[in-house]
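Now for the letters of each chain:
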Number of protein chains: 2
Amino acid sequence: MTARLPRVTVIGAGLVGSSIALAVREVGAGRVVLVDADAGVRERAAALGIAEQVLGSVPEAVGDADIVIAAVPAGAVPEVLSAAAVAAPRAAILTDAASLKLTSTLDVTSRLSDAKAGPERFVGGHPMAGSERSGPEAADAQLFQGATWGLTPTAATADATLTELSTFLRRLGARVVALPPAQHDELVAVVSHLPQVVASTLAAVAADAIEATGDAVLAVAGGGFRDTTRIAASDPALWIPILSGNRAAVLEALDAYAGRLEQVRVAVAEARWEELRTLLARASTARQRLVPKATPAALAALADVVVPMDDRPGQLATATTALGAAGINVEDLAMRHAGDGGRGALLVRVAAGDLDRAVDVLTAAGLGAHVEHDAAAPGSEDASP
Amino acid sequence: MTARLPRVTVIGAGLVGSSIALAVREVGAGRVVLVDADAGVRERAAALGIAEQVLGSVPEAVGDADIVIAAVPAGAVPEVLSAAAVAAPRAAILTDAASLKLTSTLDVTSRLSDAKAGPERFVGGHPMAGSERSGPEAADAQLFQGATWGLTPTAATADATLTELSTFLRRLGARVVALPPAQHDELVAVVSHLPQVVASTLAAVAADAIEATGDAVLAVAGGGFRDTTRIAASDPALWIPILSGNRAAVLEALDAYAGRLEQVRVAVAEARWEELRTLLARASTARQRLVPKATPAALAALADVVVPMDDRPGQLATATTALGAAGINVEDLAMRHAGDGGRGALLVRVAAGDLDRAVDVLTAAGLGAHVEHDAAAPGSEDASP
């Protein structure tokens, strides 16, 4: 990718694909082409002016693309990206937007390897934003503003693929998080799929109780009930493919949940209130830590770590994975390119409280790391090292 | 009670008692007297002008009362209302505001019967509104606007007691629901206590998973996780007395929940997707029925506005000031970071009924603002190719 704006092809004109196309147009691109197999959907997307061109075939849409994004169902990703890989320029970056990553990432990688079609330029993606609406009519250029966008590099992924795509996605307003595909699927089982099952089960139990006694109005009363069951109202048709596609991880999460719930049940049954208090206190602390209320002061307390990089592959993945494994949240990430000898540096912005630990963790992972003393915004890629 | 406005005595100057006193003053009353045993609390309540008089002893505060409301912990209700019954006029209505009803209702009724102090003029009450704040400083005259207020008459309660108190509470904006005390406690076990346990357990399991893998950031990503675990952040000190006070009903609710969850687990384990679809569909229908849209209670639900921020200083202050000036209460506030170039977003949680107005106000203040799409709702990947 050169300094010029990238030419982007988005495959799939559903809510996410159309929103990506709109968002890319808004921040500026060499050109944006949208592809959809459905002529009716193409017509609607074109009428809405979602992309400069709306085409029906992948090969004709990717011929000059710098970035190809497949916003199609997980099952269709390997086929769509294989077709794109053959027709796109050799340097084009390929990614997808499916919410499960392990199966499709491995499948795409092995197909591209087998076809000698450049597996190093592919990295799986998962924009964690959506809407209850669907189709190009629901497209929203702001959909990814502030949203987390997971990227799931493998050993086959080139560093440049990850860094260039990250930079591109941050321009759309997304917060990029890199993690291995298996870990991605395990985490979403816990933070997305398990909450859905838990909320649905709670709504079902409340329905049982209220059908028996007939006093629905009390359910409406509690903000706690409203919040805890809100996602239970989702359409099951959307969830079954996700739960079945991530079955092993969902089962593991369900077992962990049932085990913890049994601890609570026993504590209540045996009136062990001190034990219950400890369980609830731990959960309370965990919730406050996982979903912190950001204060302006806390936001100000950020600091930068500099990680010098050489041209060995996988250093970026090593760094982000090591920080992730240590529970250190990367607030911001940027590459500094050095003029001399190709050695640049990765600038990692973390909470000031995590600074020392971040240096330790990166050092332990075999990377050089030191505290940045002139903490200018790491976004400026032309900062001199 | 005659056509003249009732003289009201509220015992307990905590959040609920002080809010009742303020609400009563706002709708008009013969007089409002507040009682608290703590001299410091009395002083603060008096300084805040929460009631016309703030006294330290129950007998001197109820001598001419038409309605006496004990807003004290459940364990203190019988003693406080027994003392009030003796000193208050024979026609005065007596009620309380504790969140559990069976034990205290039976206890008060039998004490008043034994003392021939008029058990027919007592009915237990439970205003289903609150706040994480406490004390007279947190008092809010609007706290009961649209809130459900349970009343739990027994065979001893006179019809006039129930109807007159209902009329009075509706003037405070409450939605009054009468039901037997045992049924009240069983229902709140399901719609209030069980959600607390479910949410806390989910937060604990997520904390386990994230401590193991280290990627806290994904938890923040999902609106579903945020909502489903919100009440897990509560102070356990508030919940232990409730869970222990309602132990039998809580255990029954937990057993029902564990049973339903096991059905889901088996369906996932044995890949019975049609059965799982039926379970989820039933839950979805139940949730939509239990928490219907466009009711006052649904309006009390919360919703998020996303305000994209750039690195101009003072945007946070602009947003909060604009909302404050428009009388829109900010229920919660968080930053989402984008990463590159400082473009993150501010997440502002407001009452759903204020949502459109909040977007208008923020837009008028020169900020971009849009409604948060539900990141938990899948479908983002369901774009048609």
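Predicted model, so just to flag it, every value in this text is computed and none were measured.

Engineer: Help me out: how do you make sense of the overall build of chain A in this one?
Structural biologist: Of regular secondary structure, chain A possesses 15 helices and twelve strands. The burial tally for chain A puts 57% of its 385 residues in the buried class. Considering only intrachain contacts with a sequence separation of at least 6, the fraction spanning at least 24 residues in chain A is 73%. Carbon and sulfur atoms form 55% of the exposed surface of chain A, whose accessible area is close to 14,000 Å².

Engineer: Is there a simple way to think about the environment of Glu 275 of chain A in this case?
Structural biologist: Residues and elements named next belong to chain A. On the secondary structure map, Glu 275 appears in helix H12 (residues 273–290). For Glu 275, a relative accessible area of 31% corresponds to the partly exposed category. Linking Glu 275 and Gly 130, residues 145 residues apart in sequence, is a C-alpha distance of 39 Å. One polar contact links Glu 275 to Arg 272, side chain to side chain, over a distance of 2.8 Å.

Engineer: Would you mind going over the pattern of salt bridges with me for this structure?
Structural biologist: A side chain of one charge can pair with a side chain of the opposite charge when the charged atoms of the two come close. Scanning the model with the defined rule gives 35 salt bridges over all chains in all. With a closest N to O distance of 3.1 Å, Arg 265 of chain B and Glu 262 of chain B form a salt bridge. In this pair, Arg 265 of chain B and Glu 262 of chain B are both assigned in helix H11 (residues 247–269), three residues apart and thus about one turn of the helix distant. Accessibility expressed as a relative area gives 23% for Arg 265 of chain B, which makes it partly exposed. Members of the salt-bridge network, linked through shared partners, are Arg 4, Arg 7, Arg 31, Asp 64 and Asp 66 of chain A.

Engineer: Any chance you could explain the pairing of strand S8 (residues 175–178) of chain A here in plain terms?
Structural biologist: The side chains of a regular strand alternate, residue by residue, between the two faces of the sheet. All names here are of chain A. Side chains Arg 175 and Val 177 project from S8 onto one buried face, and the interleaved Val 176 and Ala 178 project onto a second face that is buried too. Bridge count between strand S7 (residues 148–152) and S8: four bridges; the pairing is parallel. Residue pairing in the sheet places Gly 150 in a bridge with Val 177 of S8. Handedness of the crossover joining S7 and S8 through helix H6 (residues 159–171): right-handed.

Engineer: For this particular structure, what's the right way to read the environment of Glu 120 of chain A?
Structural biologist: Residues and elements named next belong to chain A. Within the secondary structure, Glu 120 is located in the loop between helix H5 (102–114) and strand S6 (124–127). Taking C-alpha positions, Glu 120 is 5.2 Å from Ala 156, a pair spaced 36 residues apart along the chain. Those residues in contact with Glu 120 that lie beyond four places of it in its chain are Arg 90, Ala 156, Thr 157, Ala 158 and Thr 161.

Engineer: Explain the sheet that holds strand S7 (residues 148–152) of chain B here, please?
Structural biologist: In sheet architecture, strand pairing relies on hydrogen bonds along the backbone and comes in two forms, parallel and antiparallel. Residues and elements named next belong to chain B. Within the open sheet, the three strands sit side by side as S6-S7-S8. Their pairing is mixed. The open sheet has two edge strands with one neighbour each: strand S6 (124–127) and strand S8 (175–178). When the angles between neighbouring strand axes are averaged without regard to direction, this sheet yields 20°.

Engineer: When you look at the packing of aromatic side chains in this model, what are you seeing that I'm missing?
Structural biologist: Centre-to-centre distance and the angle between the planes together describe a pair of aromatic rings. Residue and element names in this part refer to chain A. This model, assessed by the stated rule, comprises two aromatic pairs over all chains. Ring centres 5.1 Å apart and planes at 50° place the aromatic pair Phe 144 and Trp 149 in the tilted group. For Phe 144, a relative accessible area of 1% corresponds to the buried category.

Engineer: Would you mind going over the packing of helix H10 (residues 236–245) of chain A against helix H12 (residues 273–290) of chain B with me for this structure?
Structural biologist: Axis angle and axis distance: for two packed helices, these are the angle between their axes and the distance between the axes, and together they describe the pair. As a packed pair, H10 of chain A and H12 of chain B sit with axes 9 Å apart at the nearest point and diverge in direction by 140°. Between H10 of chain A and H12 of chain B, the angle falls in the class oblique. Where H10 of chain A crosses over H12 of chain B, the two elements pack in a sense that is right-handed. Here Pro 236, Trp 239, Ile 240, Leu 243 and Ser 244 of chain A of H10 of chain A lie close against H12 of chain B, whose contacting residues are Trp 273, Leu 276, Arg 277, Leu 280, Ala 281 and Ser 284 of chain B. Per-class residue counts for the contact of H10 of chain A with H12 of chain B are eight nonpolar, two polar and one charged.

Engineer: For this particular structure, what's the right way to read helix H2 (residues 39–47) of chain B?
Structural biologist: Residues separated by three or four positions in an α-helix point in the same direction, a consequence of the helix having 3.6 residues per turn. Its side-chain oxygen placed 2.8 Å from the backbone nitrogen of Gly 40 of chain B, Asp 38 of chain B serves as the N-cap of H2 of chain B. A positive phi of about 65° marks Gly 49 of chain B, the residue just after H2 of chain B.

Engineer: I'm lost on the nonpolar core in this one. Help?
Structural biologist: The nonpolar side chains of a soluble globular protein tend to be buried, and buried together. Counting residues in each nonpolar core, the largest one holds 68 residues, and the members touching the most others are Tyr 257 and Leu 276 of chain A together with Tyr 257 and Leu 276 of chain B. Only helix H7 (181–213), H10, helix H11 (247–269) and H12 of chain A together with helix H7 (181–213), helix H10 (236–245), H11 and H12 of chain B provide two or more residues apiece to this core. Leave out the neighbours within four places in its chain, and Leu 276 of chain B touches Ile 240 and Leu 243 of chain A together with Val 264, Ala 267 and Val 268 of chain B. With 38 residues, the next largest nonpolar core counts Val 8, Leu 15, Val 16 and Leu 172 of chain A among its residues.

Engineer: Honestly, unusual backbone geometry in this entry has me stumped. Any pointers?
Structural biologist: Positive phi values are uncommon outside glycine, yet Ala 271 of chain A reaches one of about 55°. Of note, Ala 271 of chain A is situated in the loop between H11 and H12.

Engineer: It is not clear to me how the confidence of the model for chain A should be interpreted in this structure. Could you clarify?
Structural biologist: In regions of low pLDDT, the predicted coordinates are not meant to be interpreted in detail. Residue and element names in this part refer to chain A. Taken as a whole, chain A shows an average pLDDT of 84; of its residues, 83% reach a score of 70 or greater. This stretch, residues 294–299, has a pLDDT under 50; its non-local contacts, to residues over four places away or in other chains, come to seven contacts. Of the regions scoring below 50 in pLDDT, residues 338–342 engages in three contacts with residues more than four places distant in sequence or in other chains.

Engineer: So what exactly am I meant to see when it comes to the packing of helix H4 (residues 77–87) of chain B against helix H5 (residues 102–114) of chain B here?
Structural biologist: Residue and element names in this part refer to chain B. The geometry of H4 relative to H5 is characterised by a closest axis approach of 9 Å and an angle of 30° between their N-to-C directions. One way to sum up the angle between H4 and H5 is to call them roughly parallel. Once H4 is placed against H5, the crossing between them reads as right-handed. Within the contact between the two elements, H4 uses Val 77, Pro 78, Glu 79, Leu 81, Ser 82 and Ala 85 and H5 uses Asp 107, Val 108, Arg 111 and Leu 112. Looking at side-chain class alone, the contact of H4 with H5 contains six nonpolar, one polar and three charged residues.

Engineer: Help me understand the side chain of Ser 104 of chain B in this model?
Structural biologist: Turning to its location among the elements, Ser 104 of chain B is positioned in helix H5. Apart from the residues within four sequence positions on either side, Ser 104 of chain B is in contact with Ala 74 and Asp 96 of chain B.

Engineer: How do you make sense of the sheet that holds strand S5 (residues 93–96) of chain A when you look at a structure like this?
Structural biologist: Residue and element names in this part refer to chain A. What the five strands build is an open sheet, ordered S3-S2-S1-S4-S5; its pairing is parallel. Only two strands of the sheet have a single neighbouring strand rather than two, namely strand S3 (53–55) and S5. The mean angle between the axes of side-by-side strands here comes to 20°, regardless of whether they run parallel or antiparallel. Along the sheet, helix H4 (residues 77–87) makes contact with strand S1 (7–11), strand S4 (67–70) and S5, crossing S5 at roughly 165°. Sheet strands in contact with H6 are S1, S4 and S5, and its direction is about 65° off that of S5.

Basis of the calculations
- Residues numbered from 1 in each chain as written.
- Chains lettered and ligands numbered in written order.
- Predicted model: local features only at pLDDT ≥ 70, side-chain atom pairs only at ≥ 80, totals over all residues.
- Heavy atoms only, no water.
- Helix = DSSP H or I, 4+ residues; strand = E, 2+ residues; numbered from the N terminus.
- Buried < 20%, exposed > 50% of the residue type's maximum accessible area, 1.4 Å probe, protein only.
- Contact = heavy atoms within 4.5 Å.
- Areas by Shrake-Rupley, 256 points an atom, 1.4 Å probe, with all protein chains shown as cover.
- Polar contact = N/O pair within 3.5 Å; in protein donor to acceptor, adjacent residues only side chain to side chain.
- Salt bridge = Lys/Arg side-chain N within 4 Å of Asp/Glu carboxyl O.
- Pairing = 2+ DSSP bridges.
- Right-handed = clockwise from strand over helix to strand, strands pointing away.
- Axes fitted to C-alpha atoms, helices over the stretch in contact; angles between N-to-C directions.
- Phe/Tyr/Trp six-rings, centres within 6.5 Å; stacked < 30°, edge-to-face > 60°.
- Parallel < 35°, antiparallel > 145°, perpendicular 65-115°, else oblique.
- Left-handed = near helix turned anticlockwise from the far one by under 90°.
- Nonpolar A, V, L, I, M, F, W, Y, C, P; charged D, E, K, R; others polar.
- Core = buried A, V, L, I, M, F, W, Y, C linked by side-chain atoms within 4.5 Å.
- pLDDT = per-residue confidence, 0-100.

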